[in-house]
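Coordinate analysis (summary)
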Amino acid sequence: RFVVSALVFVISCLTLFITSAQAQIHVIPQPLHLTAQKGGFILSNKTVIGVDQQSETVGKYLQAYLNRYYKLNLKVKVYKHIPANNAIKLITGNNNSIEGAYTLSVVPGGIKITGNGAGVFYGVQSLIQLLPAKVAKPLRVAACKIADEPRFQWRGLSLDVSRHFFTVDEVKKYIDVMAHYKLNVFHWHLTDDEGWRIQIDKYPRLTEVGSKISYYAKQGKFRKLDNLIDDGRDGFYTKAEIRDVIKYAQDRFVTILPEIEMPGHSEAAIFAYPELGCQDSTGAKHRVRMLDPSEDTFKFMEDVLTEVIGLFPNQYIHIGGDEAEMADWLKSPVAVALMKKEGLKNEKEVQSYFVKRIERFLVSKNKKLVGWDEILQGGLAESATVMSWQGEAGGITAAKMHHHVVMTPLPYMYFDAPQANEDLEPIGWNPPVTWQMVYNYEPRSSQLTPAEAEYILGAQGNIWTEKVPNLRHLEYMVYPRALAVAELTWSLKENKNISRFEYKIKQQYGLFKLWNLNARLPDIVGVD
Ligand code: TNX
């Protein structure tokens, strides 16, 4: 009996040892190659962060992170002039040309990260996940080797700041967490019926009036906002604030995709400039959400987009295009005259004309147009990228037409949906979307040939904030589902494993606490 008990004891010790070793080398999203090794590296105030010219910003980012969360004061120095030992070296350049690829090696003597572009930054993100989630002494990082690269170039997350406004600091925290999980496109939904959120110099009423919809609704001067919880939240970003957020995102290798909605979802803009709204033959406003396809509207949109382009350096601009109440145009003399002049057969062709004209304008400014899948109706603009939200059909059609596609289908990628049985969760739109449903989603549909599937740039989680009144609630809705988006867009299909992922998200709670992130706990809690 003694032998048996001794054996059981040895086996449990071994299991404990193996699992605790494993517990420290989990990373979200799952790296391409990850091997645990013996031993570990102890980080202290004597550790030096070694950088080159290109990796200096990332070095300073790591320095600030270690100071903020672990109260460490590390020096950043040029790596060629530092001792071989007790250093974290951030080296620009390796032989993997995929944007974001990196290597990370942790040995008892030190840490080395190599990569091009965002690669060094992503190596640092993996390192951050290897650190203990609590301020501990010694601060030990388990030895390992990682060689990693992303599967998709578009790893997105949206935020609707129209239905409820979110402050610059809140947006920065959102971007911070995205970057921790190697998400790289922040889709900023800046305008909608319930609020215009971006300063435009040429049209000051957009912010003077259009950003205060909740106020006007309370005054009885705007319709009742009964589709919004807490009646919305007013506010807007000045240009200086937008530039600040863009720089902040750039330092974290996050590209911002700004969205300016047209021709529907434009009630706030029309409230500020009523002459842009769709009018019937009596001149009365027929519907308040639709822009008329008038020359004044095109001039307005081109002016607005010119200022937006002046702010955002990235190549893509999102022009909305969803849920336009196109039938309204059939009662508008302006639209009817346009149909006659341009030989447009129906309202869908008017929408197509509208989007194509805006596309030509964006292309003339060296930008690429992104729109929701409704822009397929009536004929797709020549170089448009389609965001497929009403299921996958629009995206599949667009990919077959050799257009780029971002998959954001409602049944898997909508984080305004509750995360489980609706009775137990905060009120949301649509049937529940569990993190498991998100995790199992495959952006490259089997209906596409391998060549067509190449047009799928990636996928994105979307959150609409009609029912999301504040940051705590937002974080609850977005996490952990956004971590599933990170893994399905970054990691190879063959490298996904849902039970390991469940273990990993539980393991992240230490970090969530450290970051003060209000993520939803899955039903089995208890992993530290
Ligand atoms: C549809 S998704 C919309 C949003 C709403 C959302 C609610 C999309 C392109 N348009 O304006 O907020 O449904 O789930």
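Residues numbered from 1 in each chain as written. Predicted model: local features only at pLDDT ≥ 70, side-chain atom pairs only at ≥ 80, totals over all residues.

**Regarding the overall build of the protein**
Basically, it comes down to this: Numbering of helices and strands starts at the N terminus; helices are DSSP runs of H or I of at least 4 residues and strands are runs of E of at least 2. Restricting the calculation to C-alpha atoms gives the radius of gyration, and the globule rule supplies 2.2 Å times the number of residues raised to the power 0.38. Remark: C-beta atoms are placed from the backbone, and a residue is labelled buried if 20 or more other C-beta atoms sit within 10 Å of its own, exposed if 12 or fewer do, or partly exposed between those counts. Placing a C-beta atom from the backbone of each residue, one calls two residues in contact when those atoms lie within 7 Å.
When helices and strands are tallied, the protein shows 19 helices and 17 strands. Computed over the C-alpha atoms, the radius of gyration of the protein is 25 Å, within 12% of the 24 Å expected from 2.2 N^0.38 for a compact globule of 528 residues. In terms of its C-alpha atoms, the protein occupies a principal-axis envelope of roughly 95 × 55 × 50 Å. Burial statistics for the protein: of 528 residues in total, 48% are counted as buried. When contacts within the protein are restricted to residue pairs at least 6 apart in sequence, those whose partners lie at least 24 apart make up 67%.

**Let's talk about the domain arrangement of the protein**
Put simply, the test is: Domain ranges listed in this record stem from an automatic or a database domain assignment. Think of it as three bins: nonpolar holds Ala, Val, Leu, Ile, Met, Phe, Trp, Tyr, Cys and Pro, charged holds Asp, Glu, Lys and Arg, and polar takes everything else, Gly as well.
By the assigned domains, the protein splits into domain 1 (19-148) and domain 2 (154-496). Computed over C-alpha atoms, the centres of domain 1 and domain 2 are 36 Å apart. The interface is formed by 11 residues belonging to domain 1 together with 14 residues belonging to domain 2. Elements with a minimum of two residues in the side of domain 1 that touches domain 2: α2 (56-70) and α3 (119-130). Examining the composition of the side of domain 1 that touches domain 2, we find that 4 residues originate from one element, α3, more than from any other. Looking at the side of domain 1 that touches domain 2, its residues break down into 8 nonpolar, 3 polar and no charged.

**Considerations on helix α11 (residues 347-364)**
Keep this limit in mind: Here, expected helix span is obtained from the residue count minus one, scaled by 1.5 Å.
Taking 1.5 Å per residue, 18 residues should reach 26 Å; α11 reaches 26 Å between its end C-alpha atoms and fits that length. Three or more residues of α11 are buried, namely E347, V350, Q351, S352, Y353, F354, V355, I358, E359 and L362. Buried residues along α11 sit against α9 (295-311), β13 (316-320), α10 (333-342) and β14 (368-372). Looking one or two residues past α11, N366 carries a phi angle of roughly 65°, positive in sign.

**Side note on the sheet that holds strand β4 (residues 87-92)**
Stated formally: Only strands that DSSP links by at least two bridges are regarded as paired with each other. Here, axes are lines fitted to C-alpha atoms. For helices the fit covers the stretch in contact, and angles between N-to-C directions go from 0 to 180 degrees.
If you trace the 7 strands from one edge of the open sheet to the other, you get β1-β7-β5-β6-β4-β2-β3, paired in mixed fashion. Edge positions in the open sheet fall to β1 (33-43) and β3 (75-78), since each of these has one partner strand only. Going from strand to strand, the sheet's axes swing by 20° on average, the running direction of each strand aside. Bridge count for strand β2 (residues 48-51) against β4 is 3 bridges, and the pairing is parallel. Residue pairing across strands places I49 opposite I88, the latter belonging to β4. Each of β2, β3, β4 and β7 (139-148) is contacted by α2, which is oriented at about 160° to β2, the strand it contacts most. The strands touched by α3 are β4, β5 (102-107), β6 (110-115) and β7; relative to β6, the strand with the most contacts, the crossing angle is about 145°.

**Side note on the site of the ligand**
Defined as follows: We call a residue near a molecule or strand when the C-beta position, derived from backbone atoms, sits within 6 Å of it.
The local shell around the ligand consists of D322, E323, W372, W389, Y414, D416, W429, N430, W464 and E466. Of the residues contributing to the shell around the ligand, the split by class is 5 nonpolar, 1 polar and 4 charged.

**Remarks on unusual backbone geometry**
Omega for the peptide link from I28 to P29 comes to -5°, which places this bond in the cis form. The omega torsion of the bond from K137 to P138 falls at 0°, within 30 degrees of zero and hence cis. Positionally, P138 belongs in the loop between α3 and β7. Its identity as a non-glycine residue notwithstanding, H265 has a phi of 50°, on the positive side.

**Points about the nonpolar core**
Note the cut-off: Linking buried Ala, Val, Leu, Ile, Met, Phe, Trp, Tyr and Cys residues through C-beta atoms within 7 Å yields a set, and such a set is a nonpolar core.
Counting 151 residues, the largest nonpolar core has M178 and F186 as the members making the most contacts within it. For this core, the element with the highest residue contribution is helix α17 (residues 481-490), accounting for 7 residues.

**As for the sheet that holds strand β17 (residues 456-461)**
Ordered by their spatial adjacency, 8 strands build a closed barrel running β8-β9-β12-β13-β14-β15-β16-β17, and the pairing between neighbours is parallel. Strand-to-strand twist in this sheet, taken as the mean axis angle between neighbours without regard to direction, amounts to 30°. Taken together, the 3 bridges between strand β16 (residues 405-407) and β17 define a ladder with parallel strand orientation. Looking across to β17, one finds that V405 is bridged to I456. Running at roughly 150° to β14, α11 makes contact with β13 and β14 of the sheet. Helix α12 (residues 393-400) rests against β15 (385-388), β16 and β17 of the sheet, and its axis sits at about 155° to β15.

**Examining the environment of S445**
Here S445 shows up in the loop between α14 (435-439) and α15 (450-453). A count of 18 C-beta atoms within 10 Å places S445 in the partly exposed class. On a C-alpha basis, the gap between S445 and Y503 in space is 27 Å, while along the polypeptide they are 58 residues apart. Once residues lying within four places of it in the same chain are set aside, the contact partners of S445 are E392 and I396.

**A few points about the environment of I309**
Counting through the fold element by element, I309 comes out in helix α9. Along the chain, I309 and P258 lie 51 residues apart, while their C-alpha atoms are 9.4 Å from each other. Beyond its immediate sequence surroundings of up to four residues, I309 is in contact with I317, K365 and K367.

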